[in-house]
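Architecture at a glance
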Amino acid sequence: MKYTKLGNSDLNVSRICMGCMGFGDSQNGQHSWTLDEEHSREIIKRGLDLGVNFYDTAIGYQSGTSEQYVGRALRDFAKRDEVVVATKFLPRTPADIEAGITGQQHIERMINKSLENLGMDYVDLYIYHMWDWNTPVYDILDGLNRIVKAGKARYIGISNCYAWQLAKANALAEKEGFAKFVSVQGHYNLIFREEEREMAMLCAEDNIAMTPYSALASGRLARLPGETSKRAEEDSYAKFKYDATKEQDEVIIRRVAELAEKHSVSMTEVSLAWLLTKVTAPVVGATKLHHIEGAAKAVELELTDDELAYLEEPYVPHALAGVMAQNKPANKNEKHVWSTGSQKIYNKTEVITMFNEKLTLANGVEIPQLALGTWLIDDSAAAEAVKAALSLGYRHIDTAQAYGNERGVGEGVRTSGIPRKDIFVTSKVAAEHKDYKSAAEGIDETLRKTGLDYLDMMIIHSPQPWKLVNQSDDRFVEGNRQAWRALEDAYKAGKLRAIGVSNFLQGDIESLWETAEIKPMVDQVLCHISNSPIELIDYCTAKGIVMEAYSPVAHGEAMKNPVIAEMAEKYGVSVPQLCIRFDIQLGMIVLPKTADPEHMKTNAELDFIISDADMEALKSIKHIENYGEHSFFPVFGGKF
């Protein structure tokens, strides 16, 4: 295998790129002839053995299953830094536009879904699959630049465009300081050479890599006219592209066969040897082992100038075919050639929120992963805050007896217009209730104050009374067991749907576990960037206890940390958004507190993924030792 630089990038790519459109669930996408995972893996493995390090897929190939197959195979057979992975995203749909999804948001959710499918933290090349006539090119370039800055894509490319579009886009990118397109993936082969009119000259002038698809014209340049295959029989789209020019193309195809016989090689080798004199790396699909073997051999075949001219001489101009023929301004509101199929990519108001994400407790009860925390919200303001949150889409509200706002929280729930069954309400048994009687009476008092027939969950607020936190070694083992028994009885009576604890350390949980009839389902603890109890999280996870994180922004102190601020800027998000996303990715339920509807909204706009490397970096940030004016609170290490 031979290798070359991909245009102006630092990527060192094999001269053959394996096209992965032929991999994926044949029952779940545009094509019926694609390979299952077992056979896809065989071909990917063979490609790696032959030195192919460049792999091209797309979110639109077989509802994302192509990305999934490719990602799993490359993880099993190759080192991540030794392969170049390219995938592609689609334009916004009319439904996306109607929902107010911007071009930037669209690109963010597309890359996130592709990375999820691939099981990777980044792609080497992220390709604009076809021109989006409904989205300003500035928005596309801005969105792509953001994901490059975030480390989700190393470089960007474009596909199915005119030369003027590529020139315009890169000129704008240069003006704005955005990432520029380093490659173009167009429709180009020996029987379709329209890219030579303008695109090839632009690419040569600006050192933009050409990585054409349909390098073998959907197999037509690899077999004699009349020969067939499963794809040839079932690929209606390929017939749409090539059948109209069948007669004139067959002249060239027969010349390919003639030279193949002369050199004692396959037609694949001759066709690709010609194309390799024109482009950086053709994208070659393979659904049989001999397809990729022939492609790899083409790198070694050198045709003479006379032979190249002999192959080119019969060509006559062709009308645009395929995506370029269909994706026109007049058709911009029609269904695209490709789609994301059955993949779950949030639409409309779901796109930028966490409101639909839920975890399941040990008893099977589902609990929304993002909640509104109400600590320090006055009872008189609680109802409006709760109603504002519920109107935005929140379905989990967290309060406590100690907050003094249960009445207001209950009023907000009851008057919100949202069915009670759709809202998850949590409160907490006061830390001072360390006997059965006071705990049981407190539960009933909470129900009375909120005006609710039941609570979705109630938890013990602290293993110690607040006045003794950080001042006593007494962990109140027996008192916690008594309070827990009161919770168990309320749970059995149908007053509570779930029960748990808060601020309990491993020893506290173990003491409770020994005598509990019903095991704790939740432990709500202080958890934020620079103070993450990873060992406790791991312990509880092993026990089947779901973890909840309060004060995810360190009661505002994280906003002052320059390292956290720099990381937030990298992802193009706010510090609170980064902090909340961090806890979400730890697998926790997160309870940011605010009475400001605008903050509620932005706290839920978490349509980004923190990379594994950045998660580890955030875990290692120096511990916050001072919580400012709030340091006196026991949960922050202070004393009452």
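The structure this text deals with has already been given above.
Residues numbered from 1 in each chain as written. Predicted model: local features only at pLDDT ≥ 70, side-chain atom pairs only at ≥ 80, totals over all residues. Heavy atoms only, no water.

A word on the sheet that holds strand 10 (residues 283-285). Read across the open sheet, the 8 strands follow the order 9-8-7-6-5-4-3-10; overall the sheet is parallel. The sheet is open, and its two borders are formed by strand 9 (209-210) and strand 10, each paired with just one other strand. By the bridge criterion, 4 bridges tie strand 7 (residues 153-159) to strand 8 (residues 181-185) in an arrangement that is parallel. Across the sheet, Ile158 pairs through a bridge with Val184, a residue of strand 8. (Pairing = 2+ DSSP bridges. Helix = DSSP H or I, 4+ residues; strand = E, 2+ residues; numbered from the N terminus.)

To continue, consider the packing of helix 21 (residues 562-571) against helix 22 (residues 575-585). One way to put it is that helix 21 packs onto helix 22 with a least axis distance of 9 Å and a crossing angle of 90°. Relative to helix 22, the element helix 21 lies roughly perpendicular. Residues Ile564, Ala565, Met567, Ala568 and Tyr571 of helix 21 form the contact with helix 22, whose participating residues are Val575, Leu578 and Cys579. Of the residues belonging to the contact of helix 21 with helix 22, the class tally is 8 nonpolar, no polar and no charged. (Axes fitted to C-alpha atoms, helices over the stretch in contact; angles between N-to-C directions. Parallel < 35°, antiparallel > 145°, perpendicular 65-115°, else oblique. Contact = heavy atoms within 4.5 Å. Nonpolar A, V, L, I, M, F, W, Y, C, P; charged D, E, K, R; others polar.)

A word on the pairing of strand 8. Counting buried residues in strand 8 gives 5 out of 5 residues, a clear majority hidden from the surface. Since strand 7 and strand 8 lie parallel, the crossover through helix 6 (residues 163-176) that links them has a hand, and here it is right-handed. Pairing analysis gives 2 bridges linking strand 8 to strand 9, with the strands arranged parallel. The partner of Ser183 across the bridge, within strand 9, is Ala209. What joins strand 8 to strand 9 is helix 7 (residues 199-206), and the crossover it makes is right-handed. (Buried < 20%, exposed > 50% of the residue type's maximum accessible area, 1.4 Å probe, protein only. Right-handed = clockwise from strand over helix to strand, strands pointing away.)

Attention shifts here to the packing of helix 1 (residues 37-49) against helix 2 (residues 65-77). As a packed pair, helix 1 and helix 2 sit with axes 10 Å apart at the nearest point and diverge in direction by 50°. The angle between helix 1 and helix 2 places the two elements in the oblique class. As for the relative orientation of helix 1 and helix 2, their crossing is right-handed in sense. Here Glu37, Ser40, Arg41, Ile44, Lys45 and Leu48 of helix 1 lie close against helix 2, whose contacting residues are Tyr69, Val70, Arg72, Ala73, Leu74, Asp76 and Phe77. Its residues assigned to classes, the contact of helix 1 with helix 2 comprises 7 nonpolar, 1 polar and 5 charged. (Left-handed = near helix turned anticlockwise from the far one by under 90°.)

Throughout the structure, instances matching the rule amount to 35 salt bridges. Ionic pairing is found between Glu116 and Lys113, a salt bridge with its closest N-O pair at 3.3 Å. Of the two residues, Glu116 and Lys113 are both situated in helix 4 (residues 103-118); the distance of 3 residues between them amounts to about one turn of the helix. According to the relative accessible area criterion, Glu116 is exposed, its value standing at 56%. (Salt bridge = Lys/Arg side-chain N within 4 Å of Asp/Glu carboxyl O.)

Of the volumes computed, that of the second largest pocket is approximately 760 Å³. Forming the walls of the second largest pocket are 34 residues, and the residues nearest its centre are Trp375, Leu376, Ser551, His555 and Lys593. Put simply, the parts of the chain that give the lining of the second largest pocket at least two residues each are helix 22 and helix 23 (597-603). A total of 3 residues in the lining of the second largest pocket trace back to one element, the largest contributor, which is helix 23. Among the residues forming the lining of the second largest pocket, the class breakdown is 17 nonpolar, 14 polar and 3 charged. (1 Å grid on protein atoms, 1.4 Å probe; cavity = no way out; pocket = protein on both sides within 12 Å on 5 of 7 lines; lining within 4 Å. Points joined across faces, edges and corners; volume = space filled by probe spheres on them.)

Reading across from one edge, 13-14-15-16-17-18-19-20 is the order of the 8 strands in this open sheet, with parallel pairing throughout. Each edge of the open sheet is held by one strand with a lone partner, namely strand 13 (372-373) and strand 20 (589-591). When strand 14 (residues 396-398) meets strand 15 (residues 424-429), the two strands line up parallel, connected through 3 bridges. Considered in strand 15, the bridge of His396 is made with Phe424.

Further remarks concern the nonpolar core. Within the largest apolar cluster, 95 residues are counted, with the highest numbers of intra-cluster contacts made by Leu361, Leu487 and Leu578. Apart from residues no more than four positions distant in its own chain, Leu578 is found in contact with Ile529, Ile564, Met567, Ala568, Tyr571, Val573, Phe608, Ile610 and Leu618. Counting residues in hydrophobic clusters, the runner-up holds 92 residues, among them Ile111, Leu118, Tyr126 and Trp274. (Core = buried A, V, L, I, M, F, W, Y, C linked by side-chain atoms within 4.5 Å.)

What follows is about the side chain of Thr426. Tracing the backbone shows Thr426 in strand 15. Owing to a relative accessible area of 0%, Thr426 belongs among the buried residues under this scheme. A polar atom in the side chain of Thr426 sits 3.4 Å from the side chain of His396. If we skip the residues at most four places from it in the chain, Thr426 touches His396, Ile397, Asp398, Thr399 and Met457. (Polar contact = N/O pair within 3.5 Å; in protein donor to acceptor, adjacent residues only side chain to side chain.)

Mapped onto the elements of the fold, Ser551 is located in the loop between strand 19 (546-550) and helix 21. Taking the C-alpha atoms as reference, Ser551 lies 8.6 Å from Gly373; in sequence the two are 178 residues apart. With sequence-adjacent residues up to four places away left out, Ser551 is seen in contact with Trp375, Leu526, Cys527, His528, Leu591 and Phe636.

It is worth spelling out the packing of aromatic side chains at this point. A full pass over the atoms with the stated rule returns 12 aromatic pairs. Ring geometry for Tyr188 against Trp274: centres 5.9 Å apart, planes inclined by 75°, an arrangement best described as edge-to-face. Here Tyr188 is found in the loop between strand 8 and helix 7, whereas its partner Trp274 is found in helix 11 (residues 267-276), with 86 residues between them in sequence. Pair check on accessibility: Tyr188 and Trp274 agree, each one buried. Ring pairs connect the aromatic residues Phe89, Tyr126, Tyr128, Trp131, Trp133, Trp164 and Phe181, which therefore count as one cluster. Lying across the ring of Tyr454, Arg420 places its NZ or CZ 4.2 Å from the centre. Residue placement shows Lys543 over the ring face of Trp513; its charged tip is 4.4 Å from the ring centre. (Phe/Tyr/Trp six-rings, centres within 6.5 Å; stacked < 30°, edge-to-face > 60°. Lys NZ or Arg CZ within 6 Å of the ring centre and 35° of its normal.)

Counting buried residues along helix 22, 10 of its 11 residues qualify, which places the element largely inside the surrounding structure. Taken residue by residue, helix 22 has Val575, Pro576, Gln577, Leu578, Cys579, Ile580, Arg581, Phe582, Asp583 and Ile584 as its buried positions. Lining the buried residues of helix 22 we find strand 19, helix 21, strand 20, helix 23 and helix 24 (612-619). Of the residues flanking the end of helix 22, it is Gly587, one or two places downstream, whose phi is positive at about 90°.

Overall, the coordinates contain 0 disulfides when judged by the stated rule. Residue Cys203 stays outside any disulfide, its sulfur separated by 8.2 Å from that of Cys161, the closest cysteine. Residue Cys203 is classed as buried on the basis of its relative accessible area of 3%. (Disulfide = S-S within 2.5 Å.)

Before going further, it helps to examine the pairing of strand 19. Side-chain positions along a regular strand alternate between the two faces of the sheet. Across the 5 residues that make up strand 19, a large majority, 5, are buried. Where burial is concerned, the two faces of strand 19 agree: the one with Val546, Glu548 and Tyr550 and the one with Met547 and Ala549 are both buried. Relative to strand 19, strand 18 (residues 522-526) runs parallel, the two being bridged by 5 bridges. The partner of Leu526 across the bridge, within strand 19, is Tyr550. Read from strand 18 through helix 20 (residues 534-543) to strand 19, the crossover connection turns out right-handed. One ladder, built from 3 bridges, connects strand 19 with strand 20; its direction is parallel. Considered in strand 20, the bridge of Glu548 is made with Ile589.

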